[in-house]
Protein chains: 6
Amino acid sequence: MRFSMRPSGRKLDQMRSVSIEPNVMKHAEGSCLIRMGETHVLCSASIEDKPPPFLKNTGLGWVTAEYGMLPRATTSRNRREAAAGKQSGRTQEIQRLIGRALRAGVDRSALGERQIVIDCDVLQADGGTRCASITGGWVALRLAVNKLLKAGIIVSDPIVDHVAAVSCGIYAGQPVLDLDYAEDSTAGTDGNFVLTGRSRMIEVQMSAEGASFSRDEMGQLLDLAEAGIAELVAAQKAALG
Amino acid sequence: MRFSMRPSGRKLDQMRSVSIEPNVMKHAEGSCLIRMGETHVLCSASIEDKPPPFLKNTGLGWVTAEYGMLPRATTSRNRREAAAGKQSGRTQEIQRLIGRALRAGVDRSALGERQIVIDCDVLQADGGTRCASITGGWVALRLAVNKLLKAGIIVSDPIVDHVAAVSCGIYAGQPVLDLDYAEDSTAGTDGNFVLTGRSRMIEVQMSAEGASFSRDEMGQLLDLAEAGIAELVAAQKAALG
Amino acid sequence: MRFSMRPSGRKLDQMRSVSIEPNVMKHAEGSCLIRMGETHVLCSASIEDKPPPFLKNTGLGWVTAEYGMLPRATTSRNRREAAAGKQSGRTQEIQRLIGRALRAGVDRSALGERQIVIDCDVLQADGGTRCASITGGWVALRLAVNKLLKAGIIVSDPIVDHVAAVSCGIYAGQPVLDLDYAEDSTAGTDGNFVLTGRSRMIEVQMSAEGASFSRDEMGQLLDLAEAGIAELVAAQKAALG
Amino acid sequence: MRFSMRPSGRKLDQMRSVSIEPNVMKHAEGSCLIRMGETHVLCSASIEDKPPPFLKNTGLGWVTAEYGMLPRATTSRNRREAAAGKQSGRTQEIQRLIGRALRAGVDRSALGERQIVIDCDVLQADGGTRCASITGGWVALRLAVNKLLKAGIIVSDPIVDHVAAVSCGIYAGQPVLDLDYAEDSTAGTDGNFVLTGRSRMIEVQMSAEGASFSRDEMGQLLDLAEAGIAELVAAQKAALG
Amino acid sequence: MRFSMRPSGRKLDQMRSVSIEPNVMKHAEGSCLIRMGETHVLCSASIEDKPPPFLKNTGLGWVTAEYGMLPRATTSRNRREAAAGKQSGRTQEIQRLIGRALRAGVDRSALGERQIVIDCDVLQADGGTRCASITGGWVALRLAVNKLLKAGIIVSDPIVDHVAAVSCGIYAGQPVLDLDYAEDSTAGTDGNFVLTGRSRMIEVQMSAEGASFSRDEMGQLLDLAEAGIAELVAAQKAALG
Amino acid sequence: MRFSMRPSGRKLDQMRSVSIEPNVMKHAEGSCLIRMGETHVLCSASIEDKPPPFLKNTGLGWVTAEYGMLPRATTSRNRREAAAGKQSGRTQEIQRLIGRALRAGVDRSALGERQIVIDCDVLQADGGTRCASITGGWVALRLAVNKLLKAGIIVSDPIVDHVAAVSCGIYAGQPVLDLDYAEDSTAGTDGNFVLTGRSRMIEVQMSAEGASFSRDEMGQLLDLAEAGIAELVAAQKAALG
């Protein structure tokens, strides 16, 4: 693969440096601080004894997620959603994606009738916050589930596989891995890829504003994503020790 | 392709019957009623003389969309969003998708500093409402732009190509085209594909709850989608006469 | 009665053409599309097994209504109430009127502890939407109650009489029947009249902005309304076959 | 007219004692406390230099109203609307009526491009609060307009006539004037009548829940209302000195 | 203490005239109208049979408060909070203070599992509305509790002591008692002091915008407050007879 | 001062360990992470070129604050305010306090017509979050103002003095400094003290639920607060280097 003039100087297929610091929140059942370059997301997992009402008496559990961003996580200050009185469409779209992605890696009947809420709060944003939230959220989830297993509250592990996510896109005509904000804001096409530890796909979202894309380009982005996800899964494993 | 036991008796690669009735709303600059089987969506395009504030003095126009569903469009009655006091996350996600998809087929500088609002209201739902909204919304948009051209308000056609959408999924282990509600609610994987008249991709959203999917399956769904979109584009052309 | 220069060329006591198409919604227990000239309202009735909380253990049922208007039902686009985050005062006033009017024609103890929700959604507006909603809403209600009777869920018919509504007003100094938008927006006095099949009054709302009115004028409008309602009741009967 | 067993012992055509105390609020341009028996409403008029946006550059003024009720104005405490986060449909319906009624007695071009806001706050409720609000609101309006005239800000009096309102209904089979809560809550039919000082009608709202009514009954209620309004107009005159 | 040029001509340590009129609301279990000069607050106490959910099965009761201000209680009209759709931060802060202050004078186990809601509605404002609300709210509370005692619903008096409040501040460099609006809006430091009948402190809130204050000044304000509270407690006793 | 059995084993007059890490947020004009024991608050300062509307053309600037808490900052998860659709009364009270406190240390005319928004987001809570927000918020403000000075946008330093805050209370009958959550939740009286670098008072808030307090106790808490603030001001200086 050729070198390219990415704003960060990274190679086309080069991830930002990844760091996942586990157990950073005193009260949460599971937590981590994930850093993808300058994107920092604090993830926590909270176990609730009861499932959501629609699962009562089904024997099934639930995993859901909420997403937020500190007002000054971004270049210029964004209005605080709590002050605005509602979550934006973007926020809702992202937290629905995180929840769906994490649930896809869980055997909800092994989890039993309880709910785990994953909170992903972006402390600093430089592109790719939804992907970082999924990758870090999975570590928080894993740690919380470990507590349930250790305490004997559940006996069989409901977590089926790793879940991690990365964005790829066509930047300046080239397929690139792990877009940062400078790339994301000008990319013709960008996509978010959620994969399992075994490289199975959970969610693919590709979108073009202005420039449409071909199946070939789609394939190239998928190739990049598979490589990136392998790196993220390794980072998850390292963080869990 | 083999026959399959789809609930509707359709072949795996068979669309529902499509009908697009143009100019059904007296007041709107463009409108149509699109029927994909039992899914019926009323689409209108409203031209506004001013662009949204963030485009002032840029020379660029905007296309946006809003989506709604009548309370009894569905099997059991849903709470009216206006009464609930907010649009659900699902609604916001869908209308963001419709707007993004239609904008991708428009040359915003040829449109000039004005906004076209596409309203997609589901009168009856049987799966695939977001795809029908995009396909029908494009017809409403086309009709409204025709008025602008005819009146000489704009001189060069801002519409670059057709935009249409269809859903595909893995139902009972088989890739199927144009999911209806019975299929959609039980499909392991489902995806929404937005393509142009030239089969270029604008948006791909594939999602698995429970069962992950492979690149092969992804390819099969794309094959189905391309065939389906060709049929929808033909229906758009027929409706426009 | 003399001829008049109504914008539509109608006689003073001439209704717009009325059409009521029953059973137009696949999922609803009762439904119709009512057209009063260019005013089109889709009405559905949804049966809920439980009454509202304040009627629990009273043996009484409830009929209520919700009203909405598609954003582009009107000459220029109105903001979607779901997006605005609340129903306007006008919407609330109208839906309270529809519910009150339909309840007045129902024996709530024969209905038993259940609720029927009437949704009236204006697809196209040209004046008189609240009256069309009542007239069409009654047909939807009638059809839904028929289902309850046919299924043996209730044994005695809770519907006491037809309920229908029409607007009349003083336009250009003349009392006229069934105002359309061109008349409604300039009428000195206008009124909404809800009557039963036996010409008993359920609701009378007369209002003057600027020009007050006399008892004589009130009487003339009532005369017109009685004639108009008779026509609407006939149309309801025809629609029900 | 025969005597009747009204809960209060009043005759059928007997109003409650009426008292209107003007200028009770230090800051308002006009104000009064109106008492209709045990119904007490504090009314104020606030002059704003600018008309609402839709009247800019039309030369016309506006009169509007807001209505509220203290949480413990009623037998049992009602939730505070400010805490609930919205005004109920009932509140909105009432304040729209008050505004419409008062505007009908005003020459908006003589008022000029300004707005007068009438606030009607129910301190204690015993039926008939919307009618008391109109009658008292008119006194507040009159006092505020007097200030404008005295200061020479406007030169010709925009107030065309008195506006007052009273409720009548069919209680225990008899037409009665000025319903109190005990009557209002059980009356088969009740109506609100807004008339001018010259007995011209501005607004008539009659409504039946359960029992429909005839034209004869409507006439009897109108007779009662005309007599009641004459008394209220006299009270307005007395209060203004 | 020296004389001073207070806008009202009052001495530095002189309260405004205080008047507390009990039992002014027909429906409330306890009520009063308190007047501190031109500040008028209507206070009611409503007894609810059930405590708030978090106290269920604890044997403890609750006292809470809500605060409101009529739109034209002030020099220029304020937007109605019910119309704005939310209570301002100021309103919430004040009602939390009132509730906390009154609860501090109550033995919640003697009150038992019930709730008393104190509503304080400012009819006219001239500074010091939160203090007047506490002083008047206590009288309403006392009257409501008397009813519970008289009816034998509770046997031991849950009210431990009087609770009253007054504001003091540094105005034009001098410590003054009971600020009115003219003083409050320009005072460098102002404080609200909630004390019991035995001069014990319940709440002290001192605040400086611009000019900080010393411990000496704090002591002087406390001296003033103690004297003022004694007067208010006497007024409470007089009102209760 | 005697030793005491504080849950943490601290002496009565012993602060928790304080750490202030400056410049932790890439995008903000000023920022720090303040840790008071297990209470961690991320503070940022955002400079806006325009003042709030009410200060336009006054030559004065503004400092305001917003406060938030991550859902799992606490022992059990709290509902996200953005999802709930509003900020709680507690949140509003706290952010109003922070803003007022920081403004009191600023010469608003030296700041000029601009606004600085301080965001205080609690990552982990163990009591005293509002005090930590003020102390850390001042450091963020100082850093942002330094940037304005360095860039020559303002020429004279608008910051008059340090501002810091600490809580004290009566715990188990003893006056203690810097309450942690275990103490705060059971203290009879607790207070928040905002002081300047010269030990002048800006805000004092003392509150008793159940147990009232005396002037002597108030004095003891003030003594503790003065000592604590001196330590915090030293930490602020150290952080700024």
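Residues numbered from 1 in each chain as written. Chains lettered and ligands numbered in written order. Predicted model: local features only at pLDDT ≥ 70, side-chain atom pairs only at ≥ 80, totals over all residues. Heavy atoms only, no water.

- Chain A is annotated in an unreviewed UniProt entry as Ribonuclease PH of Cereibacter sphaeroides.
- Under the UniProt heading Catalytic activity (unreviewed entry), the entry covering chain A gives this text: "tRNA(n+1) + phosphate = tRNA(n) + a ribonucleoside 5'-diphosphate".
- Under the UniProt heading Subunit (unreviewed entry), the note attached to chain A is "Homohexameric ring arranged as a trimer of dimers." (UniProt positions renumbered as here; feature names shortened; annotations may be inferred.)

With respect to the overall build of chain A
Alright, step 1. When you go through chain A residue by residue, the secondary structure sums to 6 helices and 9 strands.
Alright, step 2. In terms of overall size, chain A behaves like a compact globule, its C-alpha atoms giving a radius of gyration of 18 Å where 241 residues would be expected to give roughly 18 Å.
Alright, step 3. Overall, chain A is about 50 × 40 × 30 Å in size when its C-alpha atoms are taken along their principal axes.
Alright, step 4. Here chain A holds 241 residues, and the buried ones make up 62% of them.
Alright, step 5. For chain A, contacts bridging at least 24 residues in sequence account for 68% of all contacts bridging at least 6.
Alright, step 6. Counting every atom, chain A has about 9,100 Å² of accessible surface; 49% of that belongs to carbon and sulfur.
Alright, step 7. Each charge class in chain A can be summarised by its mean position, and for the 28 positive and 28 negative side chains these summaries are 5 Å apart. (Helix = DSSP H or I, 4+ residues; strand = E, 2+ residues; numbered from the N terminus. Rg over C-alpha atoms; globule rule 2.2 N^0.38 Å. Buried < 20%, exposed > 50% of the residue type's maximum accessible area, 1.4 Å probe, protein only. Contact = heavy atoms within 4.5 Å. Areas by Shrake-Rupley, 256 points an atom, 1.4 Å probe, with all protein chains shown as cover. Lys, Arg positive; Asp, Glu negative; His and termini not counted. Charge placed at Lys NZ, Arg CZ, Asp CG, Glu CD.)

Thoughts on the nonpolar core
Alright, step 1. By size, the foremost hydrophobic cluster in this structure holds 423 residues, and its most contacted members are A:Leu141, B:Leu141, C:Leu141, D:Leu141, E:Leu141 and F:Leu141.
Alright, step 2. Excluding residues that lie within four positions of it along the chain, F:Leu141 makes contacts with F:Ala45, F:Val63, F:Leu102, F:Val106, F:Ile116, F:Ile118 and F:Ile159. (Core = buried A, V, L, I, M, F, W, Y, C linked by side-chain atoms within 4.5 Å.)

Concerning the interface of chain B and chain A
Alright, step 1. Across the boundary between the two partners, chain B contributes 32 residues, which contact 32 residues of chain A.
Alright, step 2. Taken together, the two surfaces of chain B and chain A that pack against each other cover about 2,900 Å², and 42% of this comes from carbon and sulfur.
Alright, step 3. Three residues stand out in chain B for area buried against chain A, namely B:Glu93, B:Met201 and B:Arg215, and they jointly supply 22% of the buried area on that side.
Alright, step 4. As a salt-bridge pair, B:Asp223 and A:Arg215 come within 2.7 Å of each other at their nearest N and O atoms.
Alright, step 5. Elements with a minimum of two residues in the side of chain B that touches chain A: helix H2 (89–103), strand E9 (201–208) and helix H6 (215–240) of chain B.
Alright, step 6. If one sorts the elements of the side of chain B that touches chain A by residue count, E9(B) sits on top with 8 residues.
Alright, step 7. In terms of residue class, the side of chain B that touches chain A is made up of 9 nonpolar, 11 polar and 12 charged.
Alright, step 8. The pairing of strand E9 (residues 201–208) of chain A with E9(B) spans 5 bridges and is classified as antiparallel. By the bridge assignment, A:Met206 is partnered in E9(B) with B:Val204. (Buried area = accessible area lost by both parts, 1.4 Å probe. Salt bridge = Lys/Arg side-chain N within 4 Å of Asp/Glu carboxyl O. Nonpolar A, V, L, I, M, F, W, Y, C, P; charged D, E, K, R; others polar. Pairing = 2+ DSSP bridges.)

Some words on the interface of chain F and chain E
Alright, step 1. Contacts between the two partners involve 32 residues from chain F, matched on the other side by 32 residues from chain E.
Alright, step 2. Counting the surface lost from both chain F and chain E, the interface buries some 2,900 Å², and carbon and sulfur atoms represent 42% of this.
Alright, step 3. On the chain F side of the contact with chain E, F:Glu93, F:Met201 and F:Arg215 bury the most area, a combined 22% of that side's loss.
Alright, step 4. Seen at the junction of chain F and chain E, the total is 9 salt bridges.
Alright, step 5. Here F:Glu93 ties to E:Arg96 by a salt bridge, and the two come within 2.6 Å at their closest N and O atoms.
Alright, step 6. Taken together, the connections running from chain F to chain E amount to 20 residue pairs in polar contact (both at pLDDT 80 or more).
Alright, step 7. Among the secondary structure elements, those contributing two or more residues to the side of chain F that touches chain E are helix H2 (89–103), strand E9 (201–208) and helix H6 (215–240) of chain F.
Alright, step 8. Of the residues forming the side of chain F that touches chain E, the biggest block, 8 residues, is contributed by E9(F). (Polar contact = N/O pair within 3.5 Å; in protein donor to acceptor, adjacent residues only side chain to side chain.)

Brief notes about unusual backbone geometry
All names here are of chain C.
Alright, step 1. Unlike most non-glycine residues, Asn23 shows phi in positive territory, near 60°.
Alright, step 2. Summarising the element assignment, Asn23 is placed in the loop between strand E1 (18–22) and strand E2 (30–36).
Alright, step 3. Of the residues examined, Asn23 reaches a relative accessible area of 54% and is grouped as exposed.

Observations regarding the UniProt feature "binding site: phosphate" (unreviewed entry) in chain A
All names here are of chain A.
Alright, step 1. Here, the residues flagged by UniProt with the feature "binding site: phosphate" (unreviewed entry) are Arg90, Gly128, Thr129 and Arg130. Despite a sequence span of 41 residues, these residues sit close together in the fold, their greatest C-alpha distance being 13.3 Å.
Alright, step 2. You can see Gly128 is positioned in the loop between strand E5 (115–124) and helix H4 (129–150).
Alright, step 3. Setting aside its immediate chain neighbours within four residues, Gly128 contacts Arg16, Thr39 and Leu179.
Alright, step 4. Assignment of secondary structure puts Thr129 in helix H4.
Alright, step 5. Those residues in contact with Thr129 that sit more than four places away from it in its chain are Thr39, Val41, Tyr67, Met69, Arg90 and Val122.
Alright, step 6. Reaching out from Thr129, the side chain makes a polar contact with the side chain of Tyr67 at a distance of 2.6 Å.

Concerning the arrangement of the chains
Alright, step 1. Considering only C-alpha positions, the minimal separation of the non-contacting chain B and chain E is 11 Å.
Alright, step 2. If you take every C-alpha in chain C and every C-alpha in chain F, the smallest gap between them is 11 Å, and the two do not touch.

Notes on the environment of A:Ser133
Residues and elements named next belong to chain A.
Alright, step 1. Tracing the backbone shows Ser133 in helix H4.
Alright, step 2. Note on Ser133: relative accessible area 0%, which makes it buried.
Alright, step 3. In this structure the C-alpha to C-alpha distance between Ser133 and Thr196, which are 63 residues apart in sequence, comes to 15 Å.
Alright, step 4. Aside from chain neighbours lying at most four places away, what touches Ser133 is Val41, Cys43, Tyr67, Ile98 and Cys120.
Alright, step 5. A polar contact of 2.7 Å, which involves the side chain of Ser133, links it to the backbone oxygen of Thr129.

A closer look at the sheet that holds strand E9 (residues 201–208) of chain E
Alright, step 1. Spatially, E7(E)-E6(E)-E8(E)-E9(E)-E9(F)-E8(F)-E6(F)-E7(F) is the arrangement adopted by the 8 strands of the open sheet, whose pairing is antiparallel. With one partner strand each, in any of the chains shown, strand E7 (174–177) of chain E together with strand E7 (174–177) of chain F form the two edges of the open sheet. With strand direction ignored, the average angle separating the axes of adjacent strands in the sheet is 15°.
Alright, step 2. Helix-sheet contacts for helix H6 (residues 215–240) of chain E involve strand E6 (163–171), E7, strand E8 (189–196) and E9 of chain E together with E9 of chain F, and the interaxial angle to E6(E) is about 140°. (Axes fitted to C-alpha atoms, helices over the stretch in contact; angles between N-to-C directions.)

Quick word on the relation of the copies chain B and chain A
Alright, step 1. Laying chain B over chain A is done by rotating through 180° and shifting 0.0 Å along the axis; what remains is an RMSD of 0.0 Å. Taken together, the rotation angle and the small translation identify this as a two-fold axis. Scanning chain B for the C-alpha nearest the rotation axis identifies B:Gln205, at a separation of 2.2 Å.
Alright, step 2. Taken as a fraction of all interface residues of chain B, those also at the interface in chain A reach 100%, which identifies the copy contact as same-surface. (Least-squares fit on C-alpha atoms with pLDDT ≥ 70 in both.)

Structural notes on the relation of the copies chain F and chain E
Alright, step 1. Here chain F sits on chain E after a turn of 180° about the axis and a move of 0.0 Å along it, with an RMSD of 0.0 Å.
Alright, step 2. Most of the interface of chain F is mirrored in chain E, where 100% of its interface residues again form contacts.

Structural notes on the sheet that holds strand E1 (residues 18–22) of chain F
Residues and elements named next belong to chain F.
Alright, step 1. Here 5 strands make up an open sheet; going across it, the order is E1-E2-E3-E5-E4 and the pairing mixed. Both edges of this open sheet fall to E1 and strand E4 (62–69), since each of them pairs with a single strand only. Geometrically, the sheet is characterised by an average inter-axis angle of 20° between neighbouring strands, direction not taken into account.
Alright, step 2. Pairing analysis gives 9 bridges linking strand E3 (residues 39–48) to strand E5 (residues 115–124), with the strands arranged antiparallel. For Leu42, the partnering residue across the bridge sits in E5 and is Asp121.
Alright, step 3. The strands touched by H2 within the sheet are E4 and E5, with E4 carrying the most contacts at an inclination of about 145°.

Observations concerning the environment of C:Gly169
Residue and element names in this part refer to chain C.
Alright, step 1. By the element assignment, Gly169 lies in strand E6 (residues 163–171).
Alright, step 2. Taking the C-alpha atoms as reference points, Gly169 and Ile98, separated by 71 residues in sequence, lie 20 Å from one another.
Alright, step 3. Sequence-distant contacts of Gly169, that is, excluding residues within four places in its chain, are made with Gln174, Pro175, Val176, Leu179, Thr189, Asp190 and Leu221.

Section: the packing of helix H2 (residues 89–103) of chain C against helix H2 (residues 89–103) of chain D
Between two packed helices, both the angle of their axes relative to each other and the distance between the axes serve to describe the pair.
Alright, step 1. Running from amino to carboxyl end, H2(C) crosses H2(D) at an angle of 110°, the nearest separation of the two axes being 9 Å. In terms of orientation, H2(C) and H2(D) fall into the roughly perpendicular class. Seen from H2(C), the contacting residues are C:Gly89, C:Arg90, C:Gln92, C:Glu93, C:Arg96 and C:Arg100; seen from H2(D), they are D:Gly89, D:Arg90, D:Gln92, D:Glu93, D:Arg96 and D:Arg100.
Alright, step 2. When grouped by side-chain class, the residues that make up the contact of H2(C) with H2(D) number no nonpolar, 4 polar and 8 charged. (Parallel < 35°, antiparallel > 145°, perpendicular 65-115°, else oblique.)

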